[in-house]
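Each chain is listed here by its residues.
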Amino acid sequence: MNSIIFTAAARLLVALLLVFSVFMLLRGHNLPGGGFIGGLLGAVGFIVYSLACGPKEAKAALRCSPEALAMVGLGIALAAGLVSVFFGDPFFTGQWYWVGGDSYETAAFSVNSVLVFDIGVYLVVLGGILSLTFAFEEET
Amino acid sequence: MEALTALLVGVLVAASVYLMLARNFLRFLFGLILLSNAANLVIFASGRMTLGAPALVPYGMDTPDGVVGNALPQALVLTAIVIGFGLLAFTLALAFEAYRRLRTLDTDKMNDAEPREDAK
Amino acid sequence: MAGDSDPNAPWVTTAGMLPVLVTGALFVFFLGYIPQIAAYAPVRWAWDWIPSLDIALTFWLDGLSLMFALLITGIGTLVMLYAAKYLAGQPQFPRFALYLFSFMLSMLGLVLADNLITLFVFWELTTFTSYLLIGYLHVDPKSRRNALQALLLTAAGGLAMLAGFILIGVTQGTFELSELNAAGSMAEHAMYLPILILVLIGAFTKSAQVPFHFWLPNAMAAPTPVSAYLHSATMVKGGVYLMARMHPSLSGSDAWVWSLTIFGGVTAVFASFMALRQTDLKQTLAYTTLMALGTLTMFLAGSTGYAITAAMTFLFVHSLYKAALFLTIGVVDHGTGTRDADLLGGLARAMPITATVAALAALSMAGLPPFIGFIAKELAYAGGLEMTLSAFVIPMAIIANALMFAVAGIVAWKPFYGPQGKLPHKPHEGPWPMLAGPVILGVLGLLFGLMPWLVAEALIEPAVAAVMGAPDTGGRLVLWHGVNLPLMLSLATFALGALMYWKHQQLRAALARIEAKGPDFDAGWDRLLDHFMAMAKGQTRVIQTGVLRHYLFATFTVLVVAVAATMVLRSPGSVSLSLGGLSVREWAIAGLALAGTGVVVLTSSRIAAIVGLGVVGIAVALIFIVYSAPDVAITQLLVELLVVVLFAVAALKMPHLDPTGKQRHRPWDAVLAASVGAMTTLVLLYVVDTPFDRRLTDFFEAASFPEAFGRNIVNVILVDFRTLDTFGEIAVVLVAALGAYALLKGARAATKKDEGQ
């Protein structure tokens, strides 16, 4: 696909899709979205880019190998589950820290293990699907 | 809608079984995709279907407002879709690799692991 | 085989001596329990093993176990000492010593086990180790074949026995033998007969009763020490031990009396004739062992003090003299190079100690006074006269004992004191480690005959008490009972036996003629195995076609039949199919899905099929959108997009689809596909017709925000309530991705390497 218009549009589209995917990831706890959807969106973004400019360039834009991304994601998800163990809760119990207050109502925002877990999901889905797709694109 | 979904699922399953019984490996794959769609619909419909009320808790309230869609089967189906995609991609890779080595997609001829005795 | 050993090779090796020392120590350990057991105070050791299945490592030491334990460790020590010298210098001796030692330990575990399952495990361990022992000379195909025969036959029997044990456990509520025996006979129970039959199959195969007898003479392929151990102390006595052990709980019925008497009697007489028929001394002894097992089985049918005392005494006596004789024949084989009864003769001058020992053991076997064999025989007649089927038992016992008398002459008289034979090489006396065993055992046979009270109170009476379930008034083991019926029967036996020895050449020829006409169990076994293999092969050819769609066809057919059968049997009633109240929108979505499906099924264009799949996926996503599942719908749409991309990349590089519907099997496929579809619809309709259990959903809706601070319940379930599930699922995604990656990339790497070469 050597269309200049598609290549140029793809760059813009990828940027938009990536921002959107992070947006979907972050809002997922309260509105439709989440790690799975965010990860899929991100993957679609990179796939569009690789269709336009080739898998090599897409990989370069990713800056690290998708397999490593996926494995790091799984590690993050596991770590998010392990946090609770150090606080005496069962494995994978969500942990919440309120910043600027002491409860949901008063706090400005929160740091929580649930979101960390969702970020892990995001990375696994993104990395896994990209590694698949790149392998197919390169090998076929 | 559950009844109509049941009928639709029946058609999807019948079509996927028919495709999976074909000799061509690509058709088998198509059948697999249809089957995973049908399975997702079965799980979704078993949890009952509710029109136009997503399982969200409105701002300012502690519980959903009125009857909303059953969230549990949705969560199950959501992950099932992603896993189904993983399975499909793996099978496709398998098919592709098998074709590259055996130069055929006819499953009747893909019997290197269990060669027929009379064929020796 | 004895010729392989080097007379000058060092025999005091670690592999040779360690088992001797350990076994000897165990023997001393068990000797220490004699006073306590003689006072009828059994010992129990217990460790939990699989508590959830009521299986424990429990061990029980009473009179019966102690007698067996002493025989096993005592004879075991002598046999291992003997083996160290007999096989000295053979490169594989350490392996043999390991096998023999493991066998001894398994057997010890078997006779000490209190839990039936533990007993079974040790039982199978003895089967397995004896397989290794019989097949020790594994370069010889016959040796391998005989080992396998013993393994298959006794393991099959062992499985039947396990089934019996499980039935016992289920019906009686315990696997502990001590509790079962304390509860008394279970003959009144409805499941008694199946239990009895199953357990007896195990006991009869292990102790080689007719018609399962043929593996035992074949097991002669083993080197001599093994034969001695297998036959005298252990393996085959395992079956006898089991019958004795379970006597309190399983006897007490006509079925018990008849089956044990008939099988035991027939085996005893058959084996005695076969013993006379053989010319190889080892084979002769193998069949006399069979005779002993038959006799023991026959007497275990009885329940009176005399019958059981007879069985226990004979068991003890037989172990002593049979081990001595086997070891002696090994010495003869070692010293002369042959075991053929027709060739051997006049060895007494060259091998005086061996000759004396053989005479001692043989006199005990022949049942002459003042040997303990005589006491055993007197007891046997006295016990037999008391038994229910004495009219059968007594003649059987007389024939068998007379034949034993004749065989004793053949084994111990003729080779040593008979006319000079034709020997392969000049005979020489055996070395002391090989003579120690026979001498000790032979002398004990005489000593216990002269002083029967030594062994009566310490071993026999506690064993009898264990079998009877209660202490029995003892004092039966005496050399001189006075002139009574058993003595008369003994004298008749001697007369008959002497006659048989005198005429044994003619008798042997006649027996050979009869044997040639009789059924050949051994060949029958081979035919059975051949048929079995042919059946397995044919079955594999039919079932294992290597064709994917055959497997799928079978799988789906089973699915349809199983679900349909369940539906018919359970008859869930009618099901309603209401399609009212649906708007145009729903019908349009359904129509879209159907159209997509139709395209996928009917087209032979890859592009069209992929588009069709996309349409179906979008229709399904629309259903999710309309029915309040936005998260699922977004996921479905994105995945659908990815599927199309992947297929566009990969599938288009594969060949075109062949036109559909042209193959002969397609109409049948369509029928099966339609039934699977119809069945799925029906099941789903039943499901949605049943009342819905909302408990889980209610919990998630109520807890989502207050407890997990999330307003999107679906996401909260995924990342908070059911995190472990989600974690597993993303792990699956990762594994699938890595798998596909490895398939594609790894294959390329391999191809490149091939091209590079």
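Residues numbered from 1 in each chain as written. Chains lettered and ligands numbered in written order. Predicted model: local features only at pLDDT ≥ 70, side-chain atom pairs only at ≥ 80, totals over all residues. Heavy atoms only, no water.

1. A few points about the overall build of chain C
Now for step 1: Secondary structure summary: chain C contains 31 helices and two strands in total.
Now for step 2: Seen through its principal axes, chain C has C-alpha atoms that stretch 110 × 65 × 55 Å.
Now for step 3: In chain C, buried positions account for 57% of the 757 residues.
Now for step 4: The long-range share in chain C, meaning contacts at least 24 apart out of those at least 6 apart in sequence, stands at 79%.
Now for step 5: Looking at chain C as shown, the accessible area adds up to about 30000 Å², and 70% of this sits on carbon and sulfur atoms.
Now for step 6: The average position of the 42 basic charges and that of the 42 acidic charges among the side chains of chain C differ by 12 Å. (Helix = DSSP H or I, 4+ residues; strand = E, 2+ residues; numbered from the N terminus. Buried < 20%, exposed > 50% of the residue type's maximum accessible area, 1.4 Å probe, protein only. Contact = heavy atoms within 4.5 Å. Areas by Shrake-Rupley, 256 points an atom, 1.4 Å probe, with all protein chains shown as cover. Lys, Arg positive; Asp, Glu negative; His and termini not counted. Charge placed at Lys NZ, Arg CZ, Asp CG, Glu CD.)

2. Focus on the side chain of Glu640(C)
Now for step 1: Within the secondary structure layout, Glu640(C) lies in helix H27 (residues 630-650).
Now for step 2: The buried charged residue Glu640(C) lacks any salt bridge partner; its closest oppositely charged side chain belongs to Arg27(B), at an N-O distance of 17 Å.
Now for step 3: Apart from the residues lying within four places of it in its own chain, the contact partners of Glu640(C) are Asn37(B), Leu613(C), Gly614(C), Gly617(C) and Ile618(C). (Salt bridge = Lys/Arg side-chain N within 4 Å of Asp/Glu carboxyl O.)

3. Considerations on the packing of helix H5 (residues 113-139) of chain A against helix H3 (residues 71-102) of chain B
Now for step 1: Axis separation between H5(A) and H3(B) bottoms out at 11 Å; the angle between their running directions is 20 degrees. By the angle between their directions, the pair H5(A) and H3(B) is classed as roughly parallel. Note that H5(A) runs across H3(B); the crossing there is left-handed. On the side of H5(A), the interface is formed by Ile129(A), Leu132(A), Phe136(A) and Glu139(A), while H3(B) contributes Phe85(B), Ala89(B), Leu92(B), Ala93(B), Phe96(B) and Arg100(B).
Now for step 2: Grouping the amino acids of the contact of H5(A) with H3(B) by side-chain chemistry returns eight nonpolar, no polar and two charged. (Axes fitted to C-alpha atoms, helices over the stretch in contact; angles between N-to-C directions. Parallel < 35°, antiparallel > 145°, perpendicular 65-115°, else oblique. Left-handed = near helix turned anticlockwise from the far one by under 90°. Nonpolar A, V, L, I, M, F, W, Y, C, P; charged D, E, K, R; others polar.)

4. Digging into the pattern of salt bridges
Now for step 1: All told, the structure shown has 15 salt bridges over all chains when counted by the stated rule.
Now for step 2: One salt bridge connects Asp698(C) with Arg694(C), and the closest N-O pair in it is separated by 3.3 Å.
Now for step 3: Residue class for Arg694(C) comes out partly exposed when judged on its relative accessible area of 30%.
Now for step 4: Asp725(C) serves as the salt-bridge partner of Arg722(C), at 2.1 Å between the closest nitrogen and oxygen.
Now for step 5: Residues joined in a network through salt bridges with shared partners are Lys59(A), Glu138(A) and Lys745(C).

5. Examining the packing of aromatic side chains
All names here are of chain C.
Now for step 1: Under the definition given, this model contains 29 aromatic pairs over all chains.
Now for step 2: Plain terms: the ring middles of tyrosine 33 and tryptophan 45 are 5.9 Å apart, the flat faces sit at 90 degrees to each other, and that makes the pair edge-to-face. With tyrosine 33 in the loop between helix H1 (14-31) and helix H2 (34-38) and tryptophan 45 in strand E1 (residues 43-50), the pair connects residues that are 12 residues apart, well separated along the chain.
Now for step 3: On the accessibility criterion, tyrosine 33 (16% relative accessible area) is buried.
Now for step 4: Directly above the aromatic system of tryptophan 502 lies the positively charged group of lysine 503, at a separation of 4.4 Å from the ring centroid. (Phe/Tyr/Trp six-rings, centres within 6.5 Å; stacked < 30°, edge-to-face > 60°. Lys NZ or Arg CZ within 6 Å of the ring centre and 35° of its normal.)

6. Regarding the interface of chain C and chain B
Now for step 1: Contacts between chain C and chain B engage 105 residues on the former and 90 residues on the latter.
Now for step 2: Taken together, the two surfaces of chain C and chain B that pack against each other cover about 8700 Å², and 76% of this comes from carbon and sulfur.
Now for step 3: Contact with chain B buries area across many residues of chain C, yet Tyr627(C), Met654(C) and Arg711(C) alone supply 8% of it, more than any other trio.
Now for step 4: For the interface between chain C and chain B, the tally reads zero salt bridges.
Now for step 5: Joining chain C to chain B, the criterion identifies 16 residue pairs in polar contact (both at pLDDT 80 or more).
Now for step 6: Among the elements that make up the side of chain C that touches chain B, the one with the highest residue count is helix H28 (residues 666-689) of chain C (14 residues). (Buried area = accessible area lost by both parts, 1.4 Å probe. Polar contact = N/O pair within 3.5 Å; in protein donor to acceptor, adjacent residues only side chain to side chain.)

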